[in-house]
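Summary of the model geometry
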There are 4 protein chains.
Amino acid sequence: MQAVVKTERGPGGQILEVPEPTPGHSDVLVAVRASSICGTDLHIWEWNAWAQSRVKKVPMIFGHELSGEVIGVGDQVTGLKIGDHVSAETHIVDGTCYQCRTGKMHICRNVEVFGVDRDGVFAEYAVLPELNAWKNDPKLDPALAAIQEPLGNAVHSLLPEDNIEDLAGKTVLVTGCGPIGLLAIAVAKTLGAEKVYATEVNPVRIALAWKMGADGVLNPAESGATPVATLLEETDGRGVDVAVEMSGHPGGLQIALGALTPGGRVSLLGLYDSDAKIDLDARVIFPAARIYGIFGRRMFQTWFQVKGLLARPEFRSKMAEIITHRVPMRDLPKAMELLQSGKAAKVSLEPRW
Amino acid sequence: MQAVVKTERGPGGQILEVPEPTPGHSDVLVAVRASSICGTDLHIWEWNAWAQSRVKKVPMIFGHELSGEVIGVGDQVTGLKIGDHVSAETHIVDGTCYQCRTGKMHICRNVEVFGVDRDGVFAEYAVLPELNAWKNDPKLDPALAAIQEPLGNAVHSLLPEDNIEDLAGKTVLVTGCGPIGLLAIAVAKTLGAEKVYATEVNPVRIALAWKMGADGVLNPAESGATPVATLLEETDGRGVDVAVEMSGHPGGLQIALGALTPGGRVSLLGLYDSDAKIDLDARVIFPAARIYGIFGRRMFQTWFQVKGLLARPEFRSKMAEIITHRVPMRDLPKAMELLQSGKAAKVSLEPRW
Amino acid sequence: MQAVVKTERGPGGQILEVPEPTPGHSDVLVAVRASSICGTDLHIWEWNAWAQSRVKKVPMIFGHELSGEVIGVGDQVTGLKIGDHVSAETHIVDGTCYQCRTGKMHICRNVEVFGVDRDGVFAEYAVLPELNAWKNDPKLDPALAAIQEPLGNAVHSLLPEDNIEDLAGKTVLVTGCGPIGLLAIAVAKTLGAEKVYATEVNPVRIALAWKMGADGVLNPAESGATPVATLLEETDGRGVDVAVEMSGHPGGLQIALGALTPGGRVSLLGLYDSDAKIDLDARVIFPAARIYGIFGRRMFQTWFQVKGLLARPEFRSKMAEIITHRVPMRDLPKAMELLQSGKAAKVSLEPRW
Amino acid sequence: MQAVVKTERGPGGQILEVPEPTPGHSDVLVAVRASSICGTDLHIWEWNAWAQSRVKKVPMIFGHELSGEVIGVGDQVTGLKIGDHVSAETHIVDGTCYQCRTGKMHICRNVEVFGVDRDGVFAEYAVLPELNAWKNDPKLDPALAAIQEPLGNAVHSLLPEDNIEDLAGKTVLVTGCGPIGLLAIAVAKTLGAEKVYATEVNPVRIALAWKMGADGVLNPAESGATPVATLLEETDGRGVDVAVEMSGHPGGLQIALGALTPGGRVSLLGLYDSDAKIDLDARVIFPAARIYGIFGRRMFQTWFQVKGLLARPEFRSKMAEIITHRVPMRDLPKAMELLQSGKAAKVSLEPRW
């Protein structure tokens, strides 16, 4: 089969003919109908510092965002059959550690990730453990089905636990409007937030943030910009109730913490690469802020939330707007350039080799 | 001033000239701009069994749903001034009991209710403790401002605690589409529910339930109706995640419990007047159901949620549709008849005497 | 091997020689070191109405409370090895239903129970799915290891969810002091409750309730007893914060609801066999009571809580006192009589045939 | 009356004769029966950088931890009378801000603190708003009654919200064994933690940590100490479930975050004075850590928890051991020296002038 393969510990990747994978006892074999590019894939493509230390073995097939059709099942698979449409939960877990056994499978001690720790899904076929194959409505656009995985990140950032205060009539701030930030804007509005504010510097993403329903989009790079002051003013001095930090930029973190109302909460999803400096006294302790580290999506509470939201037609339409480009898989190098140029949000890959 | 007064322990009431009330140290005096009729008011008008045992003293002015303008303030009022627009939280609390001191003021041990325990608001002027006067956006339609109180019941039924699982992508059932049930349908859709189902027998209310955005409205009185079976079928056998019982009818309760997914939750707001029979083993214990008794609204978490939701234009439009009639206060007897006829949802009263 | 078998659909059971079971791919084979008798076992022994309708097939081996040593493992078992000491989580779940995939495995739609739906553990050997085998400290007394299962019921009743208000300095009521009620008294004291009250009519159990640390034990059958009034008086009129209903008796339920402070919570574990009559208005809705149906134990949050509590020596000593009798398995009929006489709390069975 | 007064913006303080305060309409006048010294008092005594920027006006009476007897009441006081014994909640709140109106009074936007923003309680008499006067059991030792305030900090750090996961069978880490850290050890054991570990460098405090019931006390300053590695080893690699950071030292923070199990939570109470550097990726985001800033105590959920715990005799005995010194108020300068020497935990002040 055709697949996008990292053949050496260096930048780039190649489209190669490789052997088709074989499902194990509890696996399904899937024909890929759509996949999409995550920031992680770009890091591995560029072979940045994170990728160099994180990726253990090559050659490896890229990619993890996926929708496909089941074309083979292992002999112990009980819940799926040939012809089912599925997406991939990309965290493969051990099922036995403390986290897995206490409702926190998404932070399994021994997690492996497709396209990072084992062969991924930028290929004609892929193998998934049955547990990781999420059954889709067959009528769902495969490109939308594939982005359920990052959409899950957005939902999980806004609702990190089963029992956490709702967004009803609340004010939400999204710092950083990459794909997950954009998704978070749309989700927060759909969950009843009164106002959703966003910060972003890239004009393409700023335009998309407005399209997602943001009530205000601030550009911290603009001359004279004082985003914290603006946000406090917009909220009559009260501050925002919930912030989701998607930028991975120290400035985004400072805005999120600075604009938070006392007792509010911040979810951190963007990665910082180096130590962050935080005035814990003024920003966390005195205002009794709550900070949630976000990793993956809850297995599978978040997937049910995502599925339910995608059943709402107006939400589905918004999601489709985030997919700014749909390109054939054979043009993956161009798709990576497109992302590097900052002119794309989500790039969907079609199985045309 | 003019006021609607229950003069005797019996049915009906009279519009009379009575002395204008005087605010105490911590009170505000309000000129009524709109009020509306609650089921409680109708019970007191009809002087049913509940009213006979519950109402302690006459003469008493009717009514509790209110919006108005502050025209006088006591000498210890600090947060409100003449000209402010306010609505009434109708539960007057002691502020010192265990419940009040642990974040549950709305179930104060010594609560008093306007128009039940003390003079109400169907009058030209009313006096409120500052604590009970909720400041409104002056541009908000007074009729909408007045129904924030029952809207708060609906929101509180759907979100009974700060930390309770969200409605994102969930399936919600509303049994009974009186005004609060109708409000609950609209709120549940606005908070991201995938599907909202309702049960109701009155055709006027059934039509309004659809208008509020219900995905299905079942009439249990129809020949051959099997609402629990239908709801299980609609949800692929899974059942509904959240039910709010607004009918006060044993049949509504059975549907709510019967259609609930294991581990789901039911809020009970409708009153039953007599003992309910429940198969606790099959309906509560084996399926690990959770039941929340609902009284009032959280003070003032719910009010902030309501205010935030009403800031969303499309939500405000839906709310306006629930006010099926706007009548002058002098026609209150006709308004009561209208409600008894089952042809109205919410009746708003305008200060024309 | 020797086993206690229900051979016919009628009262009693027999000790018979039966074939040793064989573990499947993901199962372990266990040599039973201790088991104990649950109320469920007694119901099946007596063949009461519940047992007649619930038990689907005979012949069937009795029992589910177990500790043992692993003497064989299936080829796909990864986390256990021969020589490990284990107890049994007695609910066998499908792992794929909505409940299983959203952190509520203990209320799996397709649950099966040892000794009810499939062969149980009153035998020399038993087979468990690896998922159901909970690894114990090998130094733990096997009799204590076996009662972790009902101890889990007690803990789960007191703490039904991950995020539920704590017992720190709270007042707790336990209605009904069967084994699980007794365990609940000890647990509530160990979790920091200020006061734990209990109700019970049997003198043997009343004595044990005091031993478990109850601050008051009320006998509702005593002439002139007014338990609700007494409990309100003991709490200065405030009522109890948390009640766990373990009696399965309508009177117990009325006491639990009647003595609850507004906004308090009741867990229901005892089964009622017939419809309960509840004044929902006065007992649930106006006081904003919360009711939790309790089934099983959380998999495996509760088991970790139990393990942690049993690591505390003083708690372990209390647990040992609840095991009032240790008898050889061959005397099971006498053990059943002992339980029927009301003179025992927990009866532990030793593998002497 | 006699009082300890900061007369100038500089180190130290003086015992002076000052006028007796007069209660306002809603205040009570209290005769001080015991007070105690908080770290804050020492900072103000020493006039460190924090004190210089935080304290706005002198002259000011020191102190905030208090128990006393009501000897006068304002005309609008309804819940207290002369002769009542009370302690002080030391945060004076506005009651009207967003936080106050949504169950978070303890983080009022306009909070004032006794002995910092207004005259404190190191005096013969003090005036408290009725809301801030917590009624005590008159039989409670006044010195214990006074330390309810820091005990509340400890409880609130361990249980920051109403609905947060319990400590039942969990592993808890306390970094820093000043008085609040020591209290936290005792509280965590009383709430059912399996193990409580502590870190501390001062030998007096290390000895007290063991007395409070710690299962392990690590000294990070010891040659070769690797506290994170030790804690992971002690917990079989799992890490601690809950950490409370009481040291205000960057090293304490690193230990707390480093030893935390994925998905665990850390409460931050100790103040850092300067920016903290945190590897958010490795310590917060990937392990999905939760961080809670802690300020004050919940008003008044925490006070009820504290009261209930102090009703347990064995807990009361432990608390008494934390009060290492009881000195007459006239010896306050010596008491300050004692604290500076590191040889005391809690110093109680008796009203002997």
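Note that residues are indexed from 1 along each chain, following the sequence as it is written. For naming, the first written chain is A and the first written ligand is 1, with later ones following in the order written. The model is predicted, so local features are restricted to residues of pLDDT at least 70 and side-chain atom pairs to those at 80 or more, both for listing and for counting; the totals for chains, interfaces and linings are taken over all residues. Water and hydrogen atoms were dropped before computing side-chain values, which therefore reflect all heavy atoms in the structure.

**So, the pattern of salt bridges**
Residues and elements named next belong to chain C. The following threshold applies: Salt bridges are defined by distance alone: a side-chain nitrogen of Lys or Arg within 4 Å of a carboxyl oxygen of Asp or Glu. Here a helix means four or more residues in a row that DSSP labels H or I, a strand means two or more in a row labelled E, and each is numbered from the N terminus. Think of it in three bands: residues with accessible area under 20% of the maximum for their type are buried, residues over 50% are exposed, and the middle band is partly exposed, with areas taken using a 1.4 Å probe on protein chains only.
Overall, the coordinates contain 72 salt bridges over all chains when judged by the stated rule. Note that Glu 65 and Lys 346 form a salt bridge whose closest N and O atoms lie 3.0 Å from each other. Linking Glu 65 in strand 5 (residues 65–73) with Lys 346 in strand 19 (residues 346–350), this pair joins segments that are 281 residues apart in sequence. Taken individually, Glu 65 and Lys 346 each receive the classification buried, so the pair is uniform in this respect. A salt bridge links Glu 112 to Arg 118; the shortest N-O distance between them is 3.1 Å.

**A few points about the interface of chain A and chain D**
The condition that has to hold: Throughout, a contact is declared for two residues whenever any of their heavy atoms are within 4.5 Å. What gets called buried area is simply the loss in accessible area from a 1.4 Å probe that two parts show on being joined, summed for both. Here a polar contact is taken to be a pair of N or O atoms separated by no more than 3.5 Å, where protein atoms must pair a possible hydrogen donor with a possible acceptor and residues adjacent in sequence count only if both atoms sit in side chains. Residue type decides the class: Asp, Glu, Lys and Arg count as charged, Ala, Val, Leu, Ile, Met, Phe, Trp, Tyr, Cys and Pro as nonpolar, and the leftover types, Gly among them, as polar. Here, strands pair whenever DSSP counts at least two bridges between them.
Taken together, the contact between chain A and chain D spans 40 residues of the former and 39 residues of the latter. Buried surface at the junction of chain A and chain D, summed over both partners, amounts to about 3500 Å²; 59% is from carbon and sulfur atoms. The largest contributions to the chain A side of the interface with chain D come from A:Tyr98, A:Ile285 and A:Phe286, which together make up 17% of the buried area. Counting every contact that joins chain A to chain D gives 2 salt bridges. One salt bridge in this structure joins A:Arg290 and D:Glu161, with 3.3 Å as the shortest N-O distance. There are 25 residue pairs in polar contact (both at pLDDT 80 or more) connecting chain A and chain D. Mapped by element, the contributors of at least two residues to the side of chain A that touches chain D are strand 15 (260–268), strand 16 (276–278), helix 9 (280–285) and strand 17 (290–293) of chain A. Counted by class, the side of chain A that touches chain D contains 22 nonpolar, 6 polar and 12 charged residues. The sheet contact formed by strand 17 of chain A and strand 17 (residues 290–293) of chain D spans 3 bridges and is antiparallel.

**Topic: the environment of D:Asp273**
All names here are of chain D. Looking at where Asp 273 falls in the secondary structure, it is placed in the loop between strand 15 (260–268) and strand 16 (276–278). The class for Asp 273 is exposed, based on a relative accessible area of 67%. Between the alpha carbons of Asp 273 and Lys 307 there is a distance of 32 Å; along the sequence they are 34 residues apart.

**Some words on the relation of the copies chain B and chain C**
Filter applied, for reference: Copies overlap after least-squares fitting; the atoms used are the C-alpha atoms of residues with pLDDT of at least 70 in both.
You can overlay chain B on chain C at an RMSD of 0.0 Å; the transform is a turn of 180° with a shift of 0.0 Å along its axis. The transformation relating the two chain copies, once decomposed into turn and shift, fits a two-fold axis. A share of 100% of the interface residues of chain B reappears at the interface of chain C, consistent with the copies meeting face to face through the same patch.

**Brief notes about the interface of chain B and chain C**
At the interface, 40 residues of chain B touch 40 residues of chain C. Of the roughly 3500 Å² buried between chain B and chain C on both sides combined, carbon and sulfur atoms contribute 59%. Across the chain B-chain C interface, the total number found is 2 salt bridges. Taken together, the links from chain B to chain C amount to 25 residue pairs in polar contact (both at pLDDT 80 or more). When its residues are assigned to classes, the side of chain B that touches chain C shows 22 nonpolar, 6 polar and 12 charged. Here strand 16 (residues 276–278) of chain B pairs with strand 16 (residues 276–278) of chain C via 3 bridges, running antiparallel. Paired with B:Lys277 across the two strands is C:Lys277, which belongs to strand 16 of chain C.

**Here we look at the domain arrangement of chain A**
A common measure of how large an interface is: the accessible area buried when the components associate. All names here are of chain A. Heads up, the condition is: Domain boundaries shown here were taken from an automatic or database domain assignment.
Assigned domains within chain A: domain 1 (2–146 + 312–350) and domain 2 (154–293). Domain 1 and domain 2 are separated by 28 Å when their C-alpha centres are compared. Domain 1 puts 13 residues into the contact, and the matching count from domain 2 is 15 residues. Contact between domain 1 and domain 2 buries roughly 1200 Å² in total, counting both sides, with carbon and sulfur atoms accounting for 69%. Per-residue buried area on domain 1 facing domain 2 is highest for Lys 318, Glu 321 and Ile 322; these three make up 38% of the total on that side.

**Let's talk about the sheet that holds strand 1 (residues 2–6) of chain B**
All names here are of chain B. Here 3 strands make up an open sheet; going across it, the order is 2-1-4 and the pairing antiparallel. Edge strands, defined here as strands with exactly one partner in the open sheet, are strand 2 (14–17) and strand 4 (60–61). Sheet analysis places strand 1 next to strand 4, joined by 2 bridges and oriented antiparallel. Note that in strand 4 the partner of Val 5 across the bridge is Ile 61.

**Focus: the sheet that holds strand 17 of chain A**
Formally: Lines fitted to C-alpha atoms define the axes here, with helix axes fitted over just the stretch in contact, and angles between the N-to-C directions of these axes take values from 0 to 180 degrees.
Spatially, 12 strands are ordered 13(A)-12(A)-11(A)-14(A)-15(A)-17(A)-17(D)-15(D)-14(D)-11(D)-12(D)-13(D) in an open sheet, and the strand pairing comes out mixed. The open sheet has two free edges, formed respectively by strand 13 (216–218) of chain A together with strand 13 (216–218) of chain D, since each of these has just one partner strand. Neighbour-to-neighbour, the strand axes of this sheet turn through a mean angle of 15°, independent of strand direction. Relative to strand 14 (residues 240–245) of chain A, strand 11 (residues 171–175) of chain A runs parallel, the two sharing 4 bridges. Residue A:Leu173 lies in a different strand from strand 14 of chain A, and its bridge partner there is A:Ala243. Contacts between helix 5 (residues 179–190) of chain D and the sheet are confined to strand 11 (171–175), strand 12 (195–199) and strand 14 (240–245) of chain D, with strand 12 of chain D contributing the most and set at about 170° to the helix. With respect to the sheet, helix 8 (residues 250–258) of chain D is in contact with strand 11, strand 12, strand 14, strand 15 and strand 17 of chain D, its orientation differing from that of strand 15 of chain D by roughly 145°.

**A closer look at the environment of B:Thr40**
Turning to its location among the elements, B:Thr40 is positioned in helix 1 (residues 39–46). Setting aside chain neighbours within four positions, we find B:Thr40 in contact with B:Trp50, B:His64 and B:Val116.

**Considerations on the packing of aromatic side chains**
Quick reminder of the rule: Aromatic pairing here means that ring centres of Phe, Tyr or Trp (its six-membered ring) are within 6.5 Å. Orientation follows from the plane angle: under 30 degrees is stacked, over 60 is edge-to-face, and everything else is tilted.
A full pass over the atoms with the stated rule returns 24 aromatic pairs over all chains. Taking the centre distance of 4.9 Å and the plane angle of 85° together, the rings of A:Trp134 and A:Phe304 count as edge-to-face. In this pair, A:Trp134 sits in strand 10 (residues 133–135) while A:Phe304 sits in helix 10 (residues 301–310), placing the two residues 170 residues apart along the sequence. Side by side, A:Trp134 and A:Phe304 carry an identical accessibility label, which is buried. Here the aromatic rings of C:Trp45 and C:Phe62 are separated by 5.7 Å at their centres, their planes lie at 55°, and the arrangement is tilted. Here C:Trp45, found in helix 1 (residues 39–46), pairs with C:Phe62, found in the loop between strand 4 (60–61) and strand 5; they are 17 residues apart in sequence, far enough to count as distant. What makes C:Trp45 buried here is its relative accessible area of 12%.

**Describing the pairing of strand 19 (residues 346–350) of chain A**
Residues and elements named next belong to chain A. Which entries qualify depends on this criterion: For crossovers, right-handed means that the path from the first strand over the helix to the second runs clockwise, given strands pointing away from the viewer.
For strand 19, the buried fraction is high: 4 of the 5 residues fall into the buried class. Bridge count between strand 18 (residues 323–328) and strand 19: 5 bridges; the pairing is parallel. Following the sheet pairing, Ile 323 is matched in strand 19 by Lys 346. Considered for its hand, the β-α-β crossover made up of strand 18, helix 12 (residues 332–341) and strand 19 is right-handed.

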